[in-house]
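Commentary on secondary and tertiary structure
Each chain, written out:
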Amino acid sequence: MSSKIFGSGIRRREDPRLVTGGAAYTDDITLPGMVYAAMLRSPHAHARIDDVDVSAAAAAEGVLAVYPGADTEDALQPVPTAWLLPDSDLQVAPYPAIAKDTVRYVGDIVAVVVAESRYQAYDALDLIAVDYDPLPAVTHPQQATEPDAPQLHEGISGNQALHWTVAGGDIDAAFADAEVVVKERIVQQRLIPNAMETRAAVAQYRQASGELTFWNTTQNPHIARFICSAVTGIPEDRLRVIAPEVGGGFGSKIAVYPADFVTIFCSMRLGRPVKWTETRSENYQATTHGRDHVQEVELAATKDGKITGLRCTVWAGLGAYLSTAAPGIPTILHGLMLSGVYDIPAVKEDVFGAYTNATPVEAYRGAGRPEATFMLERLVDKLANELEMDPAEVRRRNLIPRFEDGHDVITGLTYDSGDYPAALDKLLDHAGYDDLRRQQAEARNEGRYLGIGLSTYVEICGLGPSQVAGAIGFQGGLWESAIIRFHPSGKVHVFIGASPHGQGEETTFAQIVASEVGVSPEDVRVFHGDTDNTPMGWGTYGSRTTAVGGAALALTARKIKEKAKIVAAHLLEAAVEDIDYEDGNFFVKGSPDRGKTIQDIALMANVSWDMPEGVESGLEASTFYDPPNFTFPFGAHLAVVEVHPQTGQVKLERYIAVDDCGPQINPVIVAGQVHGGVVQGIGQALWEEAVYDDSGQLVTGTMLDYAMPRADRLPEIEVLSTVTPSPHHPIGVKGIGEAGTIASTVTVYNAVLDALQPLGVDSVAMPLTPERVWRAIQESGGD
Amino acid sequence: MKVPVSIQINGRLYESEVEPRKLLVHFIRDLDNLTGTKVGCDTSQCGACTVLLDGVAVKSCTCLAVQADGAEVTTIEGLAQNGELHPLQEAFWNKHGLQCGFCTPGMIFASHELLRTNPDPTDEEIRHGLEGNLCRCTGYQNIVRSVREAADIMNADTQDGGEG
Ligand code: FES
Ligand code: FES
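Residues numbered from 1 in each chain as written. Chains lettered and ligands numbered in written order. Predicted model: local features only at pLDDT ≥ 70, side-chain atom pairs only at ≥ 80, totals over all residues. Heavy atoms only, no water.

**Remarks on the overall build of chain A**
Going by this rule: Put simply, DSSP marks the helices as runs of H or I at least four residues long and the strands as runs of E at least two long, and each gets a number from the N terminus on. For this measure, only C-alpha atoms enter the radius of gyration; the expected value for a globule follows 2.2 Å times N^0.38, where N is the number of residues. Three labels apply to residues, based on accessible area from a 1.4 Å probe with only protein chains included: buried if under 20% of the type maximum, exposed if over 50%, partly exposed otherwise in between. Residue contacts are counted whenever heavy atoms from the two residues lie within 4.5 Å of one another. The Shrake-Rupley method, run with a 1.4 Å probe sphere, supplies the accessible areas, and residue values consider only the shown protein chains as cover.
Looking only at helices and strands, chain A has 21 helices and 28 strands in total. Compactness check: chain A gives a C-alpha radius of gyration of 27 Å against a globular reference of 28 Å for 783 residues, within 12% of the reference. Seen through its principal axes, chain A has C-alpha atoms that stretch 85 × 75 × 45 Å. With 783 residues in all, chain A has 66% of them scored as buried. Of the contacts formed within chain A by residues at least 6 apart in sequence, a portion of 80% connects residues at least 24 apart. Surface summary for chain A: the accessible area is close to 25,500 Å², and the carbon and sulfur share equals 48%.

The following block contains the structure:
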């Protein structure tokens, strides 16, 4: 069994409860005496609050309380950011849970209503009278830093939240000596994460004991506990955070939000359980957004296509306040990955993080890395065009050759392992690249515009060594933990600190245990998401749960195995060195049929009638695993599109992904992650954009106005892989959650621009809607 | 002012007084243990709330509870029969047609509707049939495969039944 279960695409353990409606998400929780909170949110992007009159709302039927900012001001500490990026002149603006004097984005909370029913709470919102004095607003990250821009926060000049730089090599020389320079100004438009479950919270505060139980749509319950404690003053030991079933996150459920603290505050004041559930429109305004970069990039190269330097300036919109991990996203997770899969001798990037009158920006699937990959891969294509070389060939000339145990890159990172040429070769081979180019040429002769887009990528995952976390200002650790507990019957409980929310680790983690100690995965139950019964962990984001948590678990299973060996040796009256192990059976070398199974040993260890001297009862172990380095998954993607010049329509014909996340515990789950990630990235290239108008109104404020990927607009994604284990990881795995998103946006973008090349179009702002593509064609006068 | 309604849900009759504006999805979700039907939006875009109303799939956020007075509703909790998963549930499980599971109840009923009207759809027809339901996790690919598998199982069952 053990040899087969690792790498097998078994069905997920999670699914029976999910396909029968038996799973409980936060909004499904109802407690006796529970009441409902609704948030009044600012309709203005920027305004002074002159007066908040809650009297009519407070008198409305069913209403228990209405609290404006004046009520929470002293009770709740400002909402903190957890990434205090050093060497960046970071300016952290005060972030009140409820705005009292000034609102700074459409969606800022102005008051909360608590009522007996949700309908009553929403009715009462309409009865709150707020006097606003509107102020000019700015939502564009670059415009926000211009001298005459409206200023968001007192004492923070130029709306500059941070200025961070990364540099390596002699960048000035690279450009001075360059034979070719290509440039591009790229807008990574703002995106709305759109987890299908909106955010929600249920707070149950017991006034007698001062204890709080808090159900929350979070990717990181232990971090949520830590931050909730700091903001509300409830000691951490009395605060229990439960992430029940969580309906997707994609980064938007990392942050601990104002509405969370406000819900807790209401329960503390009223002594009743309080539930708050976001509406979708509210989610669009108030749950964090992603991307929002303006990038000016230039690339230096030789005439034969060797890249010699990459220089860029990025303006990153951070929104009105700094969300939990915000400062690290456009910097550490972005700038350190500048050189990608290529050997580039010199890089430099300046990142200006700007406060804007918009929803706070957070990690969004890929978080900084899609933005980095896009810059590089777009410019590589431009270089290929400039040199009239094949884009695959330009890539080949610059790829870092295969390495198995560490490669230092110019930004200071050490990649763990990689075989970039192999991934690219496999991709081109599977795609029939030369053939595709021929078809493209033929199509052009017929007046049809096919485009072929490529991207190679490497990402930084498995965050990360805690020492590095400290050095880069992350206000927490980045290790993970696991406990394995064998019960007398040989059934196993696993407790982990990470908090999967759709990624399927209840299954893959059972597979890890099964493959290490030879139990059936059916016999392993994985518990996560409850701070009272799981060990500390830092959460599920950055594709780190399997990479870091999985390592903790594998090492724990090995401890179990070592102990089991000792017990087996004792029971078999043999020396420990003489014990062999295979598929859950411990036996004296050469006598597998007279061994002890792991279940026999679990029973003995639990009843403890006959244990070796000095060995503790029970079969249980735990590990706190702090990785020695990050992991660096990589891959190569290709898209084929057809563009219809008369309408600007883009039809995605083919999409091929080759990803290398190391050994795959469950290839079906890996492929599922790739599908979802790729489609999310395609969404950015073709359809999605959060649009603000000049006054800071969110124009794409509902699902009617924000174009999400739909089933009928997508081709079947062809998923392939290569396997390059991480040398420093106990089971070699690297992480796959974000890979698809990191590669696919620029892959599709490159494909569309490749199609448009004969029409003289070399740049179109994303998303590549028919209108934009059509206009670009008209403006180029090419057709 | 409240009005009386009686709605049969998963074979059981629920009678109560509701505000006329109460959405069917809220009526269902407010009942004990019937929270499998999800709310994913407020503009009838996502399909997470899809249920069967007198055998036909509807987005239950587009329907008032009073409109469902006297009707029969099937929610995800009522789809399995005698402890046996419906072929669609089984197929979504087999083909990894779900990740976070939030869209799944609605997806299953949208698929149910598709197969009711087109028992042997092509992949393209499946994709069109599901365009009113959003999923952010799966990229839809395995959902399409799930529906395909369910169709095959259900068609095989019908044929077996016909011969038997
Ligand atoms: S809740 Fe989104 S369509 Fe009904
Ligand atoms: S499985 Fe998560 S939204 Fe579809």
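**Describing the sheet that holds strand β25 (residues 619–625) of chain A**
All names here are of chain A. This is how the line gets drawn: In this scheme, strands are said to pair when DSSP sees at least two bridges between them. The axes used here are C-alpha line fits, helices contributing only the stretch in contact, and every angle between their N-to-C directions lies in the interval 0 to 180 degrees.
Spatial strand order, β21-β20-β19-β25: 4 strands in an open sheet with mixed pairing. Each edge of the open sheet carries a strand with a single partner, namely β21 (524–527) and β25. Taken pair by pair, the neighbouring strands of this sheet meet at an average axis angle of 15°, ignoring direction. Note: strand β19 (residues 480–486) against strand β20 (residues 492–496), 5 bridges, orientation antiparallel. Counterpart to Phe-486 in the pairing with β20 is Val-492. Across the sheet, helix α16 (residues 505–517) is in contact with β19, β20 and β21; its angle to β21 comes to roughly 135°.

**A short note on the sheet that holds strand β2 (residues 47–53) of chain A**
Taken in spatial order, the 3 strands make up an open sheet running β4-β2-β6 (chain A), and their pairing is antiparallel. On the outer flanks of this sheet lie β4 (102–103) and β6 (129–134) of chain A, each paired with one strand and no other.

**Quick word on the nonpolar core**
All names here are of chain A. Using the following cut-off: Only buried Ala, Val, Leu, Ile, Met, Phe, Trp, Tyr and Cys residues count toward a nonpolar core, and they belong to the same one when joined by side-chain atoms within 4.5 Å.
With 217 residues, the main nonpolar core has Tyr-415, Leu-638 and Val-752 as its most contacted residues. Looking at which element gives the most residues to this core, the answer is helix α20 (residues 739–756), with 11 residues. Other than its neighbours up to four places away in sequence, Val-752 contacts Val-641, Val-643, Val-650, Leu-686 and Leu-768. Core analysis: the next-biggest nonpolar cluster, separate from the first, contains 45 residues, Phe-509, Ala-554, Tyr-581 and Ile-665 among them.

**Points about the pairing of strand β10 (residues 211–216) of chain A**
Where a strand is regular, its side chains alternate between the two sheet faces. Residue and element names in this part refer to chain A. β10 sits mainly inside the fold: 5 of its 6 residues count as buried. By the bridge criterion, 6 bridges tie strand β9 (residues 200–206) to β10 in an arrangement that is antiparallel. Its bridge partner lying in β10, Ala-201 is registered against Asn-216. In this structure, the hairpin formed by β9 and β10 is closed by a connection of 4 residues, where Gly-210 is found at a positive phi of approximately 70°. Relative to strand β11 (residues 239–242), β10 is paired through 4 bridges, and the arrangement is parallel. What sits directly across from Phe-214, in β11, is Val-241.

**A short note on the domain arrangement of chain A**
All names here are of chain A. Selection criterion: Domain segmentation is taken from an automatic or database assignment of domains. Buried area: the accessible surface (1.4 Å probe) lost by two parts on joining, summed over both. In the sections that follow, a salt bridge refers to a side-chain nitrogen of Lys or Arg positioned within 4 Å of a carboxyl oxygen of Asp or Glu. Polar contact is the term for a pair of N or O atoms within 3.5 Å; when the atoms are in protein, one must be able to donate a hydrogen and the other to accept it, and sequence-neighboring residues count only if both atoms are side-chain atoms.
The domains assigned to chain A are domain 1 (18–135 + 196–248 + 253–286), domain 2 (290–463 + 629–780) and domain 3 (479–625). Just the C-alpha atoms count here: the centres of domain 1 and domain 3 sit 40 Å apart. On the domain 3 side, the residues contacting the 15 residues of domain 1 number 15 residues. For the pair domain 1 and domain 3, the summed buried area comes to about 1,300 Å², and 55% of that belongs to carbon and sulfur atoms. By the criterion of area lost to domain 3, the three top residues of domain 1 are Gln-219, His-222 and Arg-240, representing 44% of everything that side buries. Counting across the interface, domain 1 meets domain 3 through 2 salt bridges. A salt bridge links Asp-530 to Arg-240; the shortest N-O distance between them is 2.5 Å. There are 6 residue pairs in polar contact (both at pLDDT 80 or more) connecting domain 1 and domain 3. Sorting the residues of the side of domain 1 that touches domain 3 by element identifies α7 (221–232) and β11 as the ones contributing at least two each.

**Quick look at the layout of surface pockets**
This is how it is decided: Both site types are read off a 1 Å grid over the protein atoms alone. A 1.4 Å probe that fits but cannot get out defines a cavity, while an open set with protein on both sides within 12 Å along at least five of seven lines defines a pocket; lining residues have an atom within 4 Å of a point. Grid points are joined across faces, edges and corners, and a volume is the space filled by probe spheres set on the points.
Considering only enclosed or pocket space, the largest pocket measures out at about 770 Å³ in volume. What lines the largest pocket is a set of 30 residues, among which Tyr36(A), Ser117(A), Arg118(A), Lys22(B) and Asp30(B) lie closest to the centre. Secondary structure elements with two or more residues in the lining of the largest pocket: α5 (118–125) of chain A together with β2 (12–18) and α1 (24–29) of chain B. Ranked by the residues each element gives to the lining of the largest pocket, the list is headed by α5(A), at 5 residues.

**Details of empty space enclosed by the protein**
All names here are of chain A. Here is the rule we go by: When residues are sorted by character, Ala, Val, Leu, Ile, Met, Phe, Trp, Tyr, Cys and Pro go into the nonpolar class, Asp, Glu, Lys and Arg into the charged class, and all the rest, Gly among them, into the polar class.
On inspection of all chains with the given rule, the structure shows 8 cavities of 30 Å³ or more. One number sums up the size of the second largest cavity: a volume of about 120 Å³. Along the walls of the second largest cavity sit 20 residues, with Tyr-95, Tyr-105, Tyr-257, Pro-258 and Ala-286 positioned nearest its centre. When the residues that make up the lining of the second largest cavity are grouped by side-chain class, the tally is 14 nonpolar, 3 polar and 3 charged. When residues of the lining of the second largest cavity are assigned to domains, at least three map to each of domain 1 (18–135 + 196–248 + 253–286) and domain 2 (290–463 + 629–780).

**Description of a negative patch on the surface**
All names here are of chain A. For the record, the criterion: Distance thresholds for patches are 9 Å for like charges and 5 Å for nonpolar side chains (Val, Leu, Ile, Met, Phe, Trp, Tyr), applied to residues having over 30% relative accessible area and no salt bridge. Working convention for charge: Lys and Arg count positive, Asp and Glu count negative, and His plus the chain ends are omitted. Charge positions come from single atoms, namely NZ of Lys, CZ of Arg, CG of Asp or CD of Glu.
A cluster of acidic residues, Asp-50, Asp-51, Asp-53 and Asp-131, forms a negative patch on the protein surface. The greatest single-element share of the negative patch, amounting to 3 residues, is contributed by β2. In this fold, Asp-50 is placed in strand β2.

**As for the interface of chain A and chain B**
Interfaces are often described in size by the accessible area the parts lose on coming together. If you look at the interface, chain A gives 52 residues, while chain B gives 46 residues. Carbon and sulfur atoms supply 53% of the area buried between chain A and chain B, which totals about 4,400 Å² over both sides. On the chain A side of the interface with chain B, the three residues burying the most area are Arg11(A), Tyr119(A) and Met196(A), jointly 18% of the side's total. Our count for the contact surface shared by chain A and chain B stands at 7 salt bridges. In this structure, Arg29(B) and Asp27(A) form a salt bridge, with 2.8 Å as the shortest nitrogen-oxygen distance. Where chain A packs against chain B, one counts 31 residue pairs in polar contact (both at pLDDT 80 or more). Mapped onto the side of chain A that touches chain B, the elements with two or more residues apiece are α2 (15–19), α5, α9 (280–286) and α19 (667–686) of chain A.

**Considerations on the packing of helix α11 (residues 369–387) of chain A against α20(A)**
All names here are of chain A. Condition: Between 65 and 115 degrees an angle is taken as roughly perpendicular, under 35 as roughly parallel, over 145 as roughly antiparallel, and anywhere else as oblique. Rotating anticlockwise by less than a right angle from the far helix to the near helix defines a left-handed crossing, while the corresponding clockwise rotation defines a right-handed one.
The interhelical angle for the contact between α11 and α20, taken along N-to-C directions, is 30°, at an axis separation of 8 Å. Considered as vectors, α11 and α20 are oriented roughly parallel to each other. Taken as a pair, α11 and α20 cross one another with a handedness that is right-handed. In contact with Arg-369, Pro-370, Thr-373, Phe-374, Glu-377, Arg-378 and Asp-381 of α11, α20 contributes Thr-741, Ile-742, Thr-745, Val-746, Tyr-749, Asn-750 and Leu-753. Residue composition of the contact of α11 with α20, by class: 6 nonpolar, 4 polar and 4 charged.

**Thoughts on the pattern of salt bridges**
Under the counting rule described, the total for this entry stands at 61 salt bridges over all chains. One salt bridge in this structure joins Lys253(A) and Glu197(A), with 2.9 Å as the shortest N-O distance. With a gap of 56 residues between them, Lys253(A) in the loop between β11 and α8 (258–270) and Glu197(A) in the loop between β8 (180–191) and β9 connect regions that are remote in the sequence. Accessibility expressed as a relative area gives 1% for Lys253(A), which makes it buried. For Glu197(A), a relative accessible area of 4% translates into the label buried. Note that Arg772(A) and Glu689(A) form a salt bridge whose closest N and O atoms lie 3.0 Å from each other. On the criterion of sequence distance, the pair formed by Arg772(A) in helix α21 (residues 770–780) and Glu689(A) in the loop between α19 and β28 (717–721) is long-range, its members being 83 residues apart. With a relative accessible area of 27%, Arg772(A) lands in the partly exposed category. Taken together, the shared-partner salt bridges connect Asp27(A), Asp28(A), Arg118(A), Lys275(A), Arg29(B) and Lys38(B) into one network.

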